[in-house]
Amino acid sequence: MVPILGAGIFVVLLAIAGIVFSIFMLIDCLKRPASKFYYPLTKEGQYDKLIWAAAIVFSLWFYFLGAIVYLFVVKTAKPESNS
């Protein structure tokens with residue numbers, strides 16, 4: 001079977017968009033201060049930046065899953081209200 005030319009171009013564009021998205025999420029992760037990780041993964045959040053950066057980089061081989069999870073868990077997170 002010969003793939004349809006348009007489908008191949010679509011897949012390549014989708015892969016490029018995923019890589020660009022992952023790079024933007026990685027830059028956001030590395031620039032974000034530790035106090036802005038509202039749901040810490042480690043005690044006092046001291047290694048959160050390292051864990052998220054590693055997850056984003058390693059997920060480049062797994063359909064950019066780490067960048068997508070980072071977007072919803074960290075980037076769009078709101079601080080808990082203390083009321």
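Please refer to the structure higher up on the page.
Remember, it's a predicted structure, so these values are computed and weren't measured experimentally.

## Re helix α2 (residues 48-58)
For α2, every residue scored as buried is listed here: Asp48, Trp52, Ala53 and Ile56. Viewed along the axis of α2, the buried residues span an arc of 125°, placing them on a single side of the element. α2 presents Leu50 and Phe58 as exposed residues on the side facing more than 90 degrees away from its buried surface.

## Notes on the packing of α2 against helix α3 (residues 65-75)
One way to put it is that α2 packs onto α3 with a least axis distance of 7 Å and a crossing angle of 140°. Seen from α2, the contacting residues are Trp52, Ala55 and Ile56; seen from α3, they are Gly66, Ala67, Val69, Tyr70, Val73 and Val74. Tallied by class, residues from the contact of α2 with α3 come to eight nonpolar, one polar and no charged.

## With respect to the nonpolar core
In globular proteins that are soluble, nonpolar side chains generally tend to be buried together. The biggest cluster of nonpolar side chains holds nine residues, and these are Met25, Cys29, Phe37, Trp52, Ala53, Ile56, Ala67, Tyr70 and Val74. Looking at this core, the elements with two or more residues in it are α1 (5-31), α2 and α3. Residues in contact with Tyr70, not counting those within four places in the same chain, are Met25, Asp28, Cys29, Arg32, Phe37, Trp52, Ile56 and Lys75.

## Overview of the pattern of salt bridges
Throughout the structure, instances matching the rule amount to two salt bridges. A salt bridge links Arg32 to Asp28; the nearest nitrogen and oxygen atoms lie 3.0 Å apart. Look at Asp28 and you get buried, because its relative accessible area is 17%. Measuring nitrogen to oxygen at the nearest pair gives 3.3 Å for the salt bridge that ties Lys75 to Asp28. Placement of the pair is Lys75 in helix α3 and Asp28 in helix α1, with a sequence separation of 47 residues.

## Notes on the side chain of Arg32
Within the fold, Arg32 resides in the loop between α1 and α2. When near neighbours in sequence (up to four residues on either side) are disregarded, Arg32 contacts Phe37, Lys49, Tyr70, Val74 and Lys75.

Definitions and limits used
Residues numbered from 1 in each chain as written. Predicted model: local features only at pLDDT ≥ 70, side-chain atom pairs only at ≥ 80, totals over all residues. Heavy atoms only, no water. Buried < 20%, exposed > 50% of the residue type's maximum accessible area, 1.4 Å probe, protein only. Helix = DSSP H or I, 4+ residues; strand = E, 2+ residues; numbered from the N terminus. Arc of directions from axis to C-beta. Axes fitted to C-alpha atoms, helices over the stretch in contact; angles between N-to-C directions. Contact = heavy atoms within 4.5 Å. Nonpolar A, V, L, I, M, F, W, Y, C, P; charged D, E, K, R; others polar. Core = buried A, V, L, I, M, F, W, Y, C linked by side-chain atoms within 4.5 Å. Salt bridge = Lys/Arg side-chain N within 4 Å of Asp/Glu carboxyl O.

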